[in-house]
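What follows is the residue order along each chain.
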Number of protein chains: 4
Amino acid sequence: MSKILIVYASDYGNTEKMAGAIAEGVKLVPDVEVSVKKAEDVSADDMTASDGIIFGSPVHMGSMDWRVKKLIDTVCSGLWMQDLAVGKVAGVFATGSGFGGTGGGAELTMLSMLNNIAELGMIIVPLPKNTHGYAKGGLQWGAYGRTGDENLNPVGVSDDALSVARLHGVHIARVTKALKDASVFKA
Amino acid sequence: MSKILIVYASDYGNTEKMAGAIAEGVKLVPDVEVSVKKAEDVSADDMTASDGIIFGSPVHMGSMDWRVKKLIDTVCSGLWMQDLAVGKVAGVFATGSGFGGTGGGAELTMLSMLNNIAELGMIIVPLPKNTHGYAKGGLQWGAYGRTGDENLNPVGVSDDALSVARLHGVHIARVTKALKDASVFKA
Amino acid sequence: MSKILIVYASDYGNTEKMAGAIAEGVKLVPDVEVSVKKAEDVSADDMTASDGIIFGSPVHMGSMDWRVKKLIDTVCSGLWMQDLAVGKVAGVFATGSGFGGTGGGAELTMLSMLNNIAELGMIIVPLPKNTHGYAKGGLQWGAYGRTGDENLNPVGVSDDALSVARLHGVHIARVTKALKDASVFKA
Amino acid sequence: MSKILIVYASDYGNTEKMAGAIAEGVKLVPDVEVSVKKAEDVSADDMTASDGIIFGSPVHMGSMDWRVKKLIDTVCSGLWMQDLAVGKVAGVFATGSGFGGTGGGAELTMLSMLNNIAELGMIIVPLPKNTHGYAKGGLQWGAYGRTGDENLNPVGVSDDALSVARLHGVHIARVTKALKDASVFKA
């Protein structure tokens, strides 16, 4: 059995919905368990017990929510020091409104989480553009729920984005399973 | 008189149109001259003779067009070595289609140009979100023309985006003028 | 009189020392005042009352300290919404140990702060490589104090790095002063 | 049999040496073949025939060498359009001198290649800090050969960095092999 942990922060429930959809996708893969936790409730043990970890955040001024960052500073940095997450599998997702023709800050928010993931020595699963529905809920780095229109009016997270999130969960679960006993970083 | 150089690469003419709109904006500011050149035609002298330089590119796989990069590797690196661009003013712009609710790669494309700009020691002018029309043609780092719909079908660069580009030119010209004799980095 | 605010978080006092050195540099510029505050003590009024804001952080897993992020999420986002920081001047600094021949995460930590700065519509002052002492305390994006050797052993922040920080303060103060009444983003 | 392609550009032979060391590492893994090519010699067929692709570049003004970028713009973008690289495995490496306590631009150079990799839908293998010799030749995103001292004097690529590069090759080869038949992105 492989275990996947989904960690997130959410302001208005949109990122939480995305987390739930990813969890549904993970469950579609046989022999993979999933748990979903708010960033402030995640312990080092939760992380070390997982084979894959998925980080999600709303876009806040072009980087992740401070609660996810607090988890990284206070919990992930300890795992990093002791090399306790090396070889696990990871992915990211985000929600945001942004202005206009681009969701300003979405890419950099995902990157701000990915840098932590790379430091931890985790394998990164992107979101291929041939993922069904990508045009409505994806970005190269992961599932992305656009929650505002081009004038910043809230529109919630669409079913299309949730559907992409589900597939992102499926992908990450499969990679986690395939690499579980591969010991790719063993000396 | 302050001089501004606009450097760009273009595939289908969209980035070229944006370059032209920025030049129009620059010309609206008294005592500022502008020249617009394709990346492959720009010399070191063109750059050292300018007080401000604006770099533009289509989004190609999440970073700048190789022709802009070639200019940076072969010309800008020489200016860097000799500190010949220190204290000039700079800005960036881009066009791209991207998929879905975000213009995938737009932010990172702008960043890939900005890193060169920072290495050169140039002051960076962003695009404030209260710029008129921002929702239709802007990103925090500069003017952005979305040239495809969410399914990648080409739609050209909109009048709104060109209008934002014009204002970006105005802003950069004003900063260039204000800093022309300020010698902010003098020892 | 121009006002500059230096905002930082610090774990072991290294980033605090850098903040102090930058403040010393700011004071060398006539007609510029400076205040230095911990991120958790900064209010929206502190920011709106300043003409320039300098953000500093230790490197934590490749991005800024969560306390700086909390300030950005809870205070800066409000300024962004109302366009209250547009046209101010900004810079960044960081400290970090990192491993080996590069201070892992330093560039991305600075970028994580710069994205917020760009969203706010602030003019960005980089650190030119001809700044005296750059080789010992600088990075293209700002002053950087390397606080550990290549094996992560703590070595404190060097006098060289503090000296570069001082000059970074001088530069930002000069740009702030030069742009104070320039109204570069006025409609 | 799994196939890995190493693609690089090199100015003075340092990045080429790193490419060679990575290839040696790949060969240590049973049932994995490797080929090493300069960016300008790589075809779309070379890429589609590979199960893993490793991109390497010298650091040039904070992003990849223009010859690597040209490959991405002219060849990778075609693979992206047709989803021909989805599910392959990837990694990056770089060499650079940089100034002072950090190899300026190294992280962003690696990122500039990684964004292309994510767009292509390839699984990303980072370099864990417990990799033997990491302090002398690694960065979170991949193997990194520091080729200049803090004053930019050339020192070549060290044996330590080559040794880390070798292990990076081992890691990527193992992930490639483990995922070869996993069809993780299959609809």
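Because the structure is predicted, anything quoted here is derived from the model rather than measured.

About the cut-offs
Residues numbered from 1 in each chain as written. Chains lettered and ligands numbered in written order. Predicted model: local features only at pLDDT ≥ 70, side-chain atom pairs only at ≥ 80, totals over all residues. Helix = DSSP H or I, 4+ residues; strand = E, 2+ residues; numbered from the N terminus. Rg over C-alpha atoms; globule rule 2.2 N^0.38 Å. Buried ≥ 20, exposed ≤ 12 C-beta atoms within 10 Å, placed from the backbone. Contact = placed C-beta atoms within 7 Å. Least-squares fit on C-alpha atoms with pLDDT ≥ 70 in both. Nonpolar A, V, L, I, M, F, W, Y, C, P; charged D, E, K, R; others polar. Expected span 1.5 Å × (residues − 1). Bend = angle between axes of the 7 residues up to and from the residue. Pairing = 2+ DSSP bridges. Axes fitted to C-alpha atoms, helices over the stretch in contact; angles between N-to-C directions. Parallel < 35°, antiparallel > 145°, perpendicular 65-115°, else oblique. pLDDT = per-residue confidence, 0-100.

### Points about the overall build of chain A
- When helices and strands are counted, chain A shows six helices and seven strands.
- Ordering the α and β elements of chain A from the N terminus gives β-α-β-α-β-α-β-α-β-α-β-β-α.
- What you see for chain A is a C-alpha radius of gyration of 15 Å, in line with the 16 Å of a compact globule of 187 residues.
- The dimensions of chain A, computed from C-alpha atoms along their principal axes, are 50 × 35 × 25 Å.
- Of all 187 residues assigned to chain A, the portion counted as buried reaches 68%.
- Long-range contacts, defined here as pairs at least 24 residues apart, represent 78% of the contacts in chain A between residues at least 6 apart.

### Brief notes about the relation of the copies chain C and chain B
- Superposing chain C onto chain B takes a rotation of 180° combined with a translation of 0.0 Å along the rotation axis, leaving an RMSD of 0.0 Å. The superposition of one copy onto the other is thereby described by a two-fold rotation axis. Nearest to the rotation axis, the C-alpha of isoleucine 124 of chain C is located 2.5 Å from it, this being the minimum over chain C.
- Residue by residue, 100% of the interface of chain C is reproduced at the interface of chain B, so both copies engage with the same surface.

### Quick look at the interface of chain C and chain B
- Across the contact, 26 residues belong to chain C and 26 residues belong to chain B.
- If you list the elements that add at least two residues to the side of chain C that touches chain B, you get helix H4 (106–120), strand S5 (123–124) and helix H6 (159–179) of chain C.
- The element that contributes the greatest number of residues to the side of chain C that touches chain B is H6 of chain C, accounting for five residues.
- Each residue belonging to the side of chain C that touches chain B can be placed in one class, and the counts come to 16 nonpolar, six polar and four charged.

### A word on helix H3 (residues 66–81) of chain C
- An ideal rise of 1.5 Å per residue puts 22 Å on 16 residues; H3 of chain C measures up with 21 Å between its terminal C-alpha atoms.
- Maximum bend of H3 of chain C: about 35°, positioned at valine 75 of chain C.
- Here the buried face of H3 of chain C lies against helix H3 (66–81) of chain A together with strand S1 (2–8), helix H2 (44–48), strand S3 (52–58) and H4 of chain C.
- Taken from the residues just after H3 of chain C, aspartate 83 of chain C is the one with a positive phi, measuring 60°.

### Re unusual backbone geometry
- Positive phi is not limited to glycine here, since serine 183 of chain B has a value of about 45°.
- Following the sequence through the fold, serine 183 of chain B ends up in the segment after helix H6 (159–179).
- On the basis of neighbour count, serine 183 of chain B is assigned to the exposed category, with 11 C-beta atoms found within 10 Å.
- Positive phi, normally seen in glycine, also occurs at aspartate 83 of chain C, with a value near 60°.
- Looking at the element boundaries, aspartate 83 of chain C is found in the loop between H3 and strand S4 (89–96).
- Judged by C-beta crowding, with 15 C-beta atoms within 10 Å, aspartate 83 of chain C ranks as partly exposed.

### Topic: the pairing of strand S7 (residues 142–146) of chain A
- Counting buried residues along S7 of chain A, five of its five residues qualify, which places the element largely inside the surrounding structure.
- Where strand S6 (residues 138–139) of chain A folds back onto S7 of chain A in an antiparallel hairpin, the turn is made up of two residues.

### Some points on the packing of H3 of chain C against H4 of chain C
Residues and elements named next belong to chain C.
- The interhelical angle for the contact between H3 and H4, taken along N-to-C directions, is 10°, at an axis separation of 10 Å. With respect to H4, the element H3 is oriented roughly parallel. Only Met113, Asn116, Glu119 and Leu120 of H4 make contact with H3, whose side of the interface consists of Val68, Ile72, Cys76, Leu79 and Trp80.
- Across the contact of H3 with H4, the residue classes break down as seven nonpolar, one polar and one charged.

### Some points on the pairing of S3 of chain C
Residue and element names in this part refer to chain C.
- Within S3, seven of the seven residues are buried, which leaves it mostly tucked inside the rest of the structure.
- The alternating pattern of S3 places Gly52, Ile54, Gly56 and Pro58 and Ile53, Phe55 and Ser57 on opposite faces, both of which are buried.
- Summarising the sheet, S3 and S4 pair through seven bridges and their orientation is parallel. Looking at the pairing, serine 57 lines up with alanine 94 of S4.

### Quick look at the environment of threonine 109 of chain A
- Turning to its location among the elements, threonine 109 of chain A is positioned in helix H4 (residues 106–120).
- Once residues within four sequence positions are removed from consideration, threonine 109 of chain A is found in contact with Ser57, Val59, Gly62, Ser63, Met64, Ala94 and Gly96 of chain A.

### A closer look at the environment of methionine 81 of chain C
- For methionine 81 of chain C, the position within the fold is in helix H3.
- Here the alpha-carbon distance between methionine 81 of chain C and glycine 25 of chain C, two residues 56 residues apart in the chain, equals 32 Å.

### A word on the environment of lysine 37 of chain A
Residue and element names in this part refer to chain A.
- Note on placement: lysine 37 falls in strand S2 (residues 32–38).
- Between the C-alpha atom of lysine 37 and that of isoleucine 6, which follows or precedes it by 31 residues, the distance is 6.2 Å.
- In this structure, lysine 37 is in contact with Leu5, Val7, Val42 and Asp46, ignoring residues within four places of it in sequence.

### Some thoughts on the confidence of the model for chain A
- Per-residue confidence for chain A averages 92 on the pLDDT scale, and 95% of its residues sit at or above 70.
- As scored by the predictor, the complex reaches a pTM of 0.96 and an ipTM of 0.95.

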